[in-house]
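This is what each chain is made of:
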Amino acid sequence: MRWSRAFIPTIKEAPADATNASHVMLTRAGYVRRIGAGIYEYLPLGLRVLHKVERIVREEMDRAGAQEVLMPALLPSDYFRETGRWDVFGDNLLRLRDRKGGDYHLGPTHEEIITDMVRREIRSYRDLPRNLYQIQNKFRDEPRPRGGLLRCREFVMKDAYSFDVDEAGAAASYELMRQAYTRVFDRMKLHYRMVQADSGSMGGSTSAEFQVLVQSGEDFLTACDSCGYAANLEVAQCREPAASEPSTPTPACSKVSTPNAGTIEEVSTFLKASPDRFLKSLLYAAGDDVVLAVVRGDHEINEIKLARALGVGEVALATEEQIVKATGAKVGFAGPVGFKGRVLIDRDAAVVHAAITGANETDFHLVNVEFKRDFDAQVADLRSVVAGDACPRCAKGKLAVYRGIEAGHIFILGTHYSAKMRANFSDEKGVEKPIIMGCYGIGVSRLVATTVEQFNDADGILWPMSIAPYHVIVVGLGQDAAVTEACEKLVAGLEERGVEVLFDDRPERPGVKFKDADLIGIPLRVTVGAKGLAAGGVELKPRTERDPKKAEILPLESAAQLIAERVRAMMA
RNA sequence: CGGGGCGUAGCGCAGCCUGGUUAGCGCACUUGACUGGGGGUCAAGGGGUCGGUGGUUCAAAUCCACUCGCCCCGACCA
């Protein structure tokens, strides 16, 4: 491709509303344009990258024995009504109505549709297992699209769905997908972790997320430094603390005045006691009840764990009125001692001795509080892991905390959809049973942006060879006939060898071309100029090399061959 | 949905508080000259329903009301 004929609108200044690296880079480099909140156009370079990601995903899905299908984006409401998601999805579902008044929506995910496709055709265990996948645009009316391409209202997603006769079969399908995912992310050279994750409300048993590690990630993860344990912070566990006795008997619990000191920080300063001696008491609304959850002062409560311990779907922080009503005190003075209602305490909070808590009385706290002696509560794991916690899996490991972007999620669904939709098969004995399903997503368009988040520098993008829009950029300097001739010859030689070449033949100054080449991030740059030709050939420099003086001089005659080999090596 | 902010040339912004006659700046764009290995210099140009509607006023980018769009923080998020 000749740049002089290409549509690659690079710009110096990104729109002011671009806040993260991928949005800024992809916009400046002419890959995408935003035309609405969470709605993007893919320009030629952007589409080439998107297609390359799709191709890798397709190849690995096919290799794992899955087959591609295409489902409608426009869906009649019947299917989602059948499983209740017409209501469950709420405002996240992009709904519309046709001229006859019929309810429709744009598909946010296609479990119901694929389940319907399968139930109409699959009758027998002989028809199973099967794995079907789709790569297509999906729609969610996000409450707040953000992060450029990272969270859009319309996005490209690969979803695979597996259908098995039993749990063992489903586990095997899941394992195949796990391996396929590993291959996909490896081929893209991403730095990622597979982590345990919350299966969500959709009743999955086994599930794992593929998190790409980047500082700008929305998710927090933890991983052990010595074994393979890794989990999303939502569900991450740490080792249970050892039980301990106070070194000296704790004096009787007593009340102290702490005027206007409601936060841990204020009371901690006021009483000159470190936060880890506090029992932080938080009130939560769980269904119709208000419960008290207690964690150590320096820890943060994890609402997913709390909900699980309570056996409810979700919990919400109590309102100010609820707090005042339940404790009889202003916000900031709640405590477990004397609390009338259900109390849960985190394992680490339960082993604090001579603790400090709110007194359920405005402007007062209690000191020398002892769990069991002064109050009782249900002990549970309620807090989020913090860096430095002991690994729950191995004896010596410490947990580190990272940030990541969720690029993939695999899980076993069981019979959640098949039971509701009567997607059954007959087993060997003729007994009708629901199909065991799994589903496996990859955010394809999100992956484009995620890769840029991980691979960029001050000058622009650094694509991995496997998904770069072009393998090589040939930069011709000056209007010299000899230079032009050398460029043409090199470009032809590379294209003959299957190398994808962008040839910058524009009559621009060298500085402009070099800046643009860095910005769009093609992995290999070949500079062809009078100077280089005089010195023996063309100059090859990887995008990762900052110093132009370190470019290799390749003889023009053999350059195409050598560069083609280099491309192949970088692809692997 | 709660809080904060922004809509003025393709992009980035000033002007608005304190209304006033041709609405400015940088980048980008066009033309010419010089220049030519990391976003060059000089000169001359073109480009605007000031988000929309209504109101106040002799006069509105500027004041008021409504409205649409967008961004950020939070809530939410397969």
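This structure is a prediction, so every number in the text was calculated from the model and none was measured.

Asks: Just checking my understanding: could you explain helix α12 (residues 481–496) for this structure?
Replies: Here α12 is 16 residues long and its end C-alpha atoms lie 23 Å apart, about the 22 Å a rise of 1.5 Å per residue gives. Burial in α12 covers these residues: Val483, Ala486, Cys487, Leu490, Val491, Gly493 and Leu494. For α12, the angular spread of the buried residues around the axis is 165°, confining them to a single face. Opposite its buried face, α12 presents the exposed residues Ala481, Glu485 and Glu496, each directed more than 90 degrees away. Close packing links the buried residues of α12 with β27 (472–476), β28 (501–504), β29 (524–528), α14 (530–534), β30 (538–542) and α15 (556–571).

Asks: Which parts of the structure should I look at to understand the sheet that holds strand β18 (residues 355–358)?
Replies: Backbone hydrogen bonds are what pair the strands of a sheet, in a parallel or an antiparallel way. In space, the three strands of this open sheet follow the order β13-β19-β18, with antiparallel pairing throughout. Two strands bound the open sheet, and with one partner strand each, they are β13 (254–257) and β18. With direction set aside, neighbouring strand axes in the sheet form an average angle of 35°. As defined by bridge partners, β13 adjoins strand β19 (residues 364–369) across four bridges and the pair is classed as antiparallel. Each residue of the ladder has a partner; that of Ser254, found in β19, is Val367.

Asks: Explain unusual backbone geometry to me, please; I cannot follow it from the model alone.
Replies: Trans is the common state for peptide bonds, and a negative phi is the common state for residues other than glycine. A cis amide bond links Leu128 to the next residue, Pro129, at an omega of 0°. Within the fold, Pro129 resides in the loop between α5 (111–119) and β7 (130–139). The phi angle at Lys189 is positive, at roughly 60°, despite the residue not being glycine. Note that Lys189 resides in the loop between α6 (167–187) and β9 (192–196). Judged by its relative accessible area of 38%, Lys189 is partly exposed. Phi at Asp363 takes a positive value of approximately 70°, unusual for a residue other than glycine. Secondary-structure assignment places Asp363 in the loop between β18 and β19.

Asks: Explain the packing of aromatic side chains here, please?
Replies: The description of two aromatic rings rests on the distance between their centres and on the angle between their planes. According to the stated counting rule, one finds eight aromatic pairs in the structure shown. On the numbers, 6.3 Å between centres and 70° between planes, the contact of Tyr181 with Phe185 is edge-to-face. Highlighted residues: Tyr181 and Phe185, both in helix α6, separated by four residues, approximately one helical turn. Take Phe185: its relative accessible area is 0%, and that puts it in the buried class. Plain terms: the ring middles of Phe185 and Phe210 are 5.4 Å apart, the flat faces sit at 25° to each other, and that makes the pair stacked. Here the residue Phe185 occupies a position in helix α6, and Phe210 occupies one in strand β10 (residues 207–213), the gap between them amounting to 25 residues.

Asks: Before we go on, may I ask you to explain the protein's contact with RNA strand B in this structure?
Replies: Taken together, 36 residues form the shell around RNA strand B, and within it Arg140, Arg144, Arg151, Asp518 and Glu539 come nearest. The sugar-phosphate backbone supplies 46% of the atoms of RNA strand B found within 4 Å of the protein. Contact between RNA strand B and Phe514: a base nitrogen at 3.5 Å from a main-chain N or O atom of the residue. No other element matches the seven residues that helix α13 (residues 510–520) contributes to the surface near RNA strand B.

Asks: Whenever I open this one, the pairing of strand β17 (residues 343–346) confuses me. Can you help?
Replies: Remark: a regular strand shows side chains that alternate across the two faces of the sheet. Residues Val343 and Ile345 of β17 are buried on one face, and the alternating residues Leu344 and Asp346, pointing to the opposite face, are buried as well. Two elements, strand β15 (residues 289–296) and β17, share three bridges in a ladder whose sense is parallel. Its bridge partner being in β17, Ala293 is matched across the sheet by Leu344. Examined bridge by bridge, β17 and strand β20 (residues 378–380) share three bridges and lie parallel to one another. Following the sheet pairing, Asp346 is matched in β20 by Ala380.

Asks: Mind showing me how you'd approach the state of the cysteines here?
Replies: Inspection of the entire model under this criterion finds zero disulfides. No disulfide involves Cys391; its sulfur sits 3.6 Å from the nearest other cysteine sulfur, which is in Cys224. Judged by relative accessible area, which is 0%, Cys391 ranks as buried.

Asks: Quick question: what am I supposed to make of the packing of helix α2 (residues 44–63) against α6 here?
Replies: A pair of packed helices is captured by two measures, namely the crossing angle of their axes and the spacing between those axes. One can describe the packing of α2 onto α6 by two numbers: an axis separation of 9 Å at closest approach and a directional angle of 150°. What the angle tells us is that α2 and α6 run roughly antiparallel. Classified by chirality, the crossing of α6 by α2 is right-handed. Where α2 approaches α6, its residues Ile56, Val57, Glu59, Glu60, Met61 and Arg63 are matched on the opposing element by Met177, Ala180, Tyr181, Arg183, Val184 and Arg187. Looking at the contact of α2 with α6 residue by residue, the class counts come to seven nonpolar, no polar and five charged.

Asks: Even after reading the chapter, I still don't get the sheet that holds β17, so can you show me in this structure?
Replies: Strands sit in the order β16-β14-β15-β17-β20 across an open sheet of five strands; the sheet is mixed. Because the sheet does not close on itself, it has two edges, and the strands there are β16 (316–317) and β20. Lying on the sheet, helix α9 (residues 320–327) is in contact with β14 (279–286) and β15; it crosses β14 at an angle near 115°.

Asks: Help me understand the layout of surface pockets in this model?
Replies: Gaps between atoms show up when a probe of the same size as a water molecule is rolled over them. Empty space within the second largest pocket amounts to approximately 310 Å³. Around the second largest pocket, the lining is made up of 21 residues, and of these Gly262, Ser281, Leu282, Gly332 and Phe333 lie nearest the centre. Of all the secondary-structure elements, those providing two or more residues to the lining of the second largest pocket are α7 (264–271), β14 and β18. Sort the elements by how many residues they give to the lining of the second largest pocket and β14 lands first, with five residues.

Asks: It is not clear to me how the pairing of β19 should be interpreted in this structure. Could you clarify?
Replies: Among the six residues in β19, five count as buried, and that is most of the element. Note: β18 against β19, three bridges, orientation antiparallel. Looking at β19, one finds that Ala355 is bridged to Val369. The turn joining β18 and β19, which pair antiparallel and follow one another in sequence, is formed by five residues; a positive phi near 55° is taken by Asn360.

The rules we used
- Residues numbered from 1 in each chain as written.
- Chains lettered and ligands numbered in written order.
- Predicted model: local features only at pLDDT ≥ 70, side-chain atom pairs only at ≥ 80, totals over all residues.
- Heavy atoms only, no water.
- Helix = DSSP H or I, 4+ residues; strand = E, 2+ residues; numbered from the N terminus.
- Expected span 1.5 Å × (residues − 1).
- Buried < 20%, exposed > 50% of the residue type's maximum accessible area, 1.4 Å probe, protein only.
- Arc of directions from axis to C-beta.
- Contact = heavy atoms within 4.5 Å.
- Pairing = 2+ DSSP bridges.
- Axes fitted to C-alpha atoms, helices over the stretch in contact; angles between N-to-C directions.
- Phe/Tyr/Trp six-rings, centres within 6.5 Å; stacked < 30°, edge-to-face > 60°.
- Near = heavy atom within 4 Å.
- Polar contact = N/O pair within 3.5 Å; in protein donor to acceptor, adjacent residues only side chain to side chain.
- Disulfide = S-S within 2.5 Å.
- Parallel < 35°, antiparallel > 145°, perpendicular 65-115°, else oblique.
- Left-handed = near helix turned anticlockwise from the far one by under 90°.
- Nonpolar A, V, L, I, M, F, W, Y, C, P; charged D, E, K, R; others polar.
- 1 Å grid on protein atoms, 1.4 Å probe; cavity = no way out; pocket = protein on both sides within 12 Å on 5 of 7 lines; lining within 4 Å.
- Points joined across faces, edges and corners; volume = space filled by probe spheres on them.

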